[in-house]
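Observations on the model geometry
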Amino acid sequence: MVAGEPDSVRVKFINGQWLVRVVEGGRLTHQLFDIHPEAEAFAEEERHRLGLPGEPPASEPVETRRRGGRGR
C-alpha cells in the first residue's frame, strides 16, 4: 500500500535489471525486465491503461551505453 501517492508508472535501472513500478489506487506493484525496450513498452501500456501521460524513456546507465560501442 502506498497511501496518498497518485497513480504513476516509473522505470528505473536497479541491480542490472529494469524495474517498472506501478502505483494504482494506492497499491504498488512492480515488474522486472532484463531488456530496457521491453520495460519501456510495458510501462507505456500501463500508462495508457491508467490514462496517464507518456514519459520519455528512462536513461540508460553509463555502463550499459558503452556495450558494443568504441572502447576507450
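Below is a short write-up of the structure. (Residues numbered from 1 in each chain as written. Predicted model: local features only at pLDDT ≥ 70, side-chain atom pairs only at ≥ 80, totals over all residues. Heavy atoms only, no water.)

Considering the environment of Glu60
Rule in force here: Strands here mean DSSP runs of E at least two residues long; helices mean DSSP runs of H or I at least four residues long; both are numbered from the N terminus. Under the rule applied, a polar contact is a pair of N or O atoms within 3.5 Å (in protein, one hydrogen donor and one hydrogen acceptor; residues adjacent in sequence only if both atoms are side-chain atoms).
Tracing the backbone shows Glu60 in the loop between helix H1 (36-50) and helix H2 (62-65). One polar contact links Glu60 to His36, side chain to side chain, over a distance of 2.8 Å.

Points about the environment of Val11
Formally: Residue exposure (1.4 Å probe, protein chains only): buried if accessible area is under 20% of the type maximum, exposed if over 50%, otherwise partly exposed. Residues count as neighbours in contact if any of their non-hydrogen atoms are within 4.5 Å of one another.
On the secondary structure map, Val11 appears in strand S1 (residues 8-14). Given the relative accessible area of 12%, Val11 is considered buried. Counting along the chain gives 21 residues from Val11 to Leu32, while the straight-line C-alpha distance between them is 9.7 Å. Sequence-distant contacts of Val11, defined by excluding residues within four places in its chain, comprise Trp18, Leu19, Val20, Ala39, Glu40, Ala43, Arg47 and Ala58.

Thoughts on the pattern of salt bridges
So the rule is basically this: Each salt bridge in this description consists of a side-chain nitrogen of Lys or Arg and a carboxyl oxygen of Asp or Glu lying within 4 Å of one another.
According to the stated counting rule, one finds five salt bridges in the structure shown. Measuring nitrogen to oxygen at the nearest pair gives 2.9 Å for the salt bridge that ties Arg49 to Glu24. Linking Arg49 in helix H1 with Glu24 in strand S2 (residues 17-24), this pair joins segments that are 25 residues apart in sequence. Look at Glu24 and you get partly exposed, because its relative accessible area is 34%. Ionic pairing is found between Arg47 and Glu55, a salt bridge with its closest N-O pair at 3.6 Å.

Things to note about unusual backbone geometry
The backbone of Asn15 shows a phi angle near 50°, a positive value even though the residue is not glycine. The topology assignment puts Asn15 in the loop between S1 and S2. The exposed category is assigned to Asn15, whose relative accessible area is 77%.

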